[in-house]
Every structure is written in C-alpha cells, then in structure tokens.
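Survey of secondary and tertiary structure
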Amino acid sequence: MKFAVVSLMPEMFDAIRDFGVTSRAFERNLVSLTVVNPRTFAEDRHGTVDDRPYGGGPGMVLKAEPMLAAVAAAKSAVGGSPMVVHFSPRGKPLDQGMLAEWVENFDEMVLLTSRYEGLDERVIESVVDLEVCVGDFVVSGGELPAMMALDALIRLLPGALGDESSKNDESFIDGLLEYPQYTRPETVGGRGVPEVLLSGDHKAIAQWRQEQSLIVTQRMRPDLLDRRGLSDQEARFLDTASQKLE
Ligand SMILES: C[S@@+](CC[C@H](N)C(=O)[O-])C[C@H]1O[C@@H](n2cnc3c(N)ncnc32)[C@H](O)[C@@H]1O
C-alpha cells in the first residue's frame, strides 16, 4: 500500500519506518511512505504556512495555498486514486472496521495532518474525502493520530505480521475485546493461571477464550456489545455468568 502524509514535522514519521512491526513491513516492501512538508510550498523565504484567523481569536490557522499544494504533491507521489483523510477532533471516530475497509478498498492513501488551530476550511471542502478523530481529546498536531492509523493499517496488510492468524484473534475483530493472556511462570504473587489454559484441550481453551471475551467486553465496553449484538447462546452465557457473580 502506498501512503503519503502531509506534515509540518516529517521527522516524526521516522518512528513508523524504524521500529517494530511497521519497520519490517517497509523492509519487505509491503508499504511505501512519502512525507510532504507544506513549508516547501510557502510563498515567502521564512516558510510561513500559517496566519491569524479571520474574525479574531487565539492561535493561528494553516493557510490554504501551501496546504493545497502539499496535498497535490502527496497525491501525485502515491499516484492512482487515493482517498484523502484529514485527522481532526471533529472527524468520525476511527475504528478497526474503518481501517479494514480502507485496506480492502484503497491501494493509495493521503493522510493530511494539521497543527495550530487547524486548517483553513476551504482545504477541507475542496480536497478532503473524510475526517477522522482518534478519541475525544485534543493533541497538538495530527501527526500522532496519523501514525496511529498508519500503524494499525500496516498491521492489516498481508505479510506484515509474523503470524498472520494473530490479526484475526485480536480486540475489535469480532466486535469483542480480547480474552485475558498469561505466560510463565505459573504462579505470580500467589496468583495462578486458569486451569483450562494448562490442560492442552484446545476445544476447551477456545471456548474459555470466547466466554472470557464476552465477559471482558460486557465489563469494559458494553457499548461494543450493544453494537454487535449477542446470539441466544451468548446472551444465556452472560446471564448465567452475571448471576454467579451476584
Ligand atoms: C491543537 S489541534 C486543533 C484543535 C482545534 N482547534 C479544535 O478545537 O478542534 C491541532 C491539530 O491536531 C490534530 N488533532 C488534535 N486532536 C485530534 C484528535 N483527537 N483526532 C485527530 N486529530 C487530532 C488535528 O489535525 C488538529 O487540527
């Protein structure tokens, strides 16, 4: 998959290229990343890309012309028909389903990041296909949100993970959170490991994990269960499990 990012802080993306799962995907040529700095397109020798907001108020706004030129350069760097995504607190909440859809439908993407008070609205109106938000909080720039999306997207590319099955066995894939995990030693501070995980009975382990996923999701993120729905069997299981706890 080909990505181009528009960012005033291109060096931040070295972290994606240089570390962990994502760096291996670059080594395997599964992914390419161009970072375009809008300052390259500034009209003055100081590289000015921001100006005061019309109507007054605090902070600065990213100017339309250098941002539009940077998006055009990013689009031509990836070629094809990329989707242009702007990271913004007002965007749609980014989730696993959205990321999976992008991987399925796009070979090229442009990720547009802003800083300061944000981007001149006319850039959004003219070149942005979708705005996404990574959580109900404000960070100083779109770089970290874009890096989160890039990392999550790259994990989904065939060949990116050492064990392909692990991406189908993770939180959010089936609308549920993951079951609890344990590793050696068998006892830590007096706490053991659930018997079934030591039994070698793969069917029983799979069932325990599915049940634990349901319990954890109900406890931590009941909103996910509301969205996903439950089979009759799952609903009966959760009913019995909560009666046992009462
Ligand atoms: C300091 S923020 C601007 C916040 C903006 N004035 C507002 O109140 O919505 C600068 C930039 O960081 C990025 N950003 C901040 N929080 C974000 C979030 N939760 N999700 C996605 N991008 C975010 C956006 O690109 C935003 O334009």
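Here the structure is shown first, and the text comes after it.
In short, a report on the structure. (Residues numbered from 1 in each chain as written. Predicted model: local features only at pLDDT ≥ 70, side-chain atom pairs only at ≥ 80, totals over all residues.)

1. Section: the overall build of the protein chain
Test applied: Here a helix means four or more residues in a row that DSSP labels H or I, a strand means two or more in a row labelled E, and each is numbered from the N terminus.
Scanning the protein chain for helices and strands turns up nine helices and seven strands. The principal-axis extents of the C-alpha atoms in the protein chain amount to approximately 70 × 45 × 40 Å.

2. Notes on the sheet that holds strand β6 (residues 108–112)
Going by this rule: Should DSSP find at least two bridges between two strands, the strands are regarded as paired. Axes here refer to lines fitted to C-alpha atoms; in helices the fit is confined to the stretch in contact. Angles between the N-to-C directions go from 0 to 180 degrees.
Spatially, the five strands line up as an open sheet ordered β2-β1-β6-β5-β7, and their pairing is parallel. Across the chains shown, the open sheet's two edge strands, defined by having one partner strand only, are β2 (32–36) and β7 (130–133). Strand-to-strand, the axes of this sheet are offset by a mean angle of 30 degrees, without reference to chain direction. Pairing between strand β1 (residues 2–6) and β6: five bridges, direction parallel. In the sheet register, V5 faces β6, and the bridge partner there is L111.

3. A short note on the site of the ligand
Here is the rule we go by: Here is the check we use: build the C-beta atom from the backbone, and if it is within 6 Å of the molecule or strand, call the residue near. Three classes are used: nonpolar for Ala, Val, Leu, Ile, Met, Phe, Trp, Tyr, Cys and Pro, charged for Asp, Glu, Lys and Arg, and polar for all others, with Gly counted as polar.
The environment of the ligand is made up of 19 residues, and the closest members are F87, S114, G118, G142 and P145. For the shell around the ligand, the leading source of residues is strand β5 (residues 83–93), giving four residues. For the shell around the ligand, the per-class residue count stands at eight nonpolar, eight polar and three charged.

4. Section: the packing of helix α2 (residues 20–27) against helix α6 (residues 143–156)
Keep this limit in mind: Each angle receives one of four descriptions, namely roughly parallel if under 35 degrees, roughly antiparallel if over 145, roughly perpendicular if within 65 to 115, and oblique otherwise. Handedness of a crossing is defined here by the sense of rotation of the near helix relative to the far one, left-handed for an anticlockwise turn of less than a right angle and right-handed for a clockwise turn. Here contacts are defined at the residue level, using C-beta atoms placed from the backbone and a cut-off of 7 Å between them.
Interhelical geometry of α2 versus α6 gives an angle of 60 degrees and a closest axis separation of 9 Å. Here α2 is positioned oblique relative to α6, judged by the angle of their axes. Pair α2 / α6 crosses with left-handed handedness. The residues of α6 that touch α2, namely those facing V21, T22 and A25, are D151, I154 and R155. A class-by-class count of the residues in the contact of α2 with α6 yields three nonpolar, one polar and two charged.

5. A closer look at the environment of A149
Mapped onto the secondary structure, A149 falls in helix α6. Once the C-alpha coordinates of A149 and V134 are considered, the two residues, 15 residues apart in sequence, prove to be 8.5 Å apart. Residue contacts for A149: discarding those within four places in its chain leaves L94, L99 and L111.

6. A closer look at the packing of helix α4 (residues 96–105) against α6
The contact between α4 and α6 brings their axes to 10 Å, and the two run at 60 degrees. As far as their axial angle goes, α6 and α4 are oblique. α6 is crossed by α4, and the crossing has right-handed handedness. Between α4 and α6, the residues in contact are L99, A100, W102 and V103 and A149, A152, L153 and L156, respectively. Looking at the contact of α4 with α6 residue by residue, the classes come out as eight nonpolar, no polar and no charged.

7. Comments concerning α6
Definition in use: Any helix carries an expected span of 1.5 Å times its number of residues minus one. With C-beta atoms placed from the backbone, the exposure class of a residue follows from how many other C-beta atoms lie within 10 Å of its own: 20 or more, buried; 12 or fewer, exposed; in between, partly exposed.
Taking 1.5 Å per residue, 14 residues should reach 20 Å; α6 reaches 20 Å between its end C-alpha atoms and fits that length. Along α6, the residues classified as buried are E143, P145, A146, M147, A149, L150, A152, L153 and I154. Those residues of α6 hidden inside the fold are in contact with β1, α1 (14–18), α2, β5, α4 and β6.

8. Here's the deal with the environment of E164
Turning to its location among the elements, E164 is positioned in the loop between α6 and α7 (202–220). Classification of E164 as exposed rests on a count of 10 C-beta atoms within 10 Å. Put simply, E164 and T217 are 53 residues apart on the chain and 24 Å apart in space, counted from C-alpha to C-alpha.

9. Quick notes on unusual backbone geometry
Across the junction of R184 and P185, the peptide omega takes the value 5 degrees, indicating a cis bond. Note that P185 resides in the loop between α6 and α7. Positive phi values are uncommon outside glycine, yet Y116 reaches one of about 55 degrees. Mapped onto the elements of the fold, Y116 is located in the loop between β6 and α5 (121–127). By the C-beta count within 10 Å, which is 17 here, Y116 ends up partly exposed.

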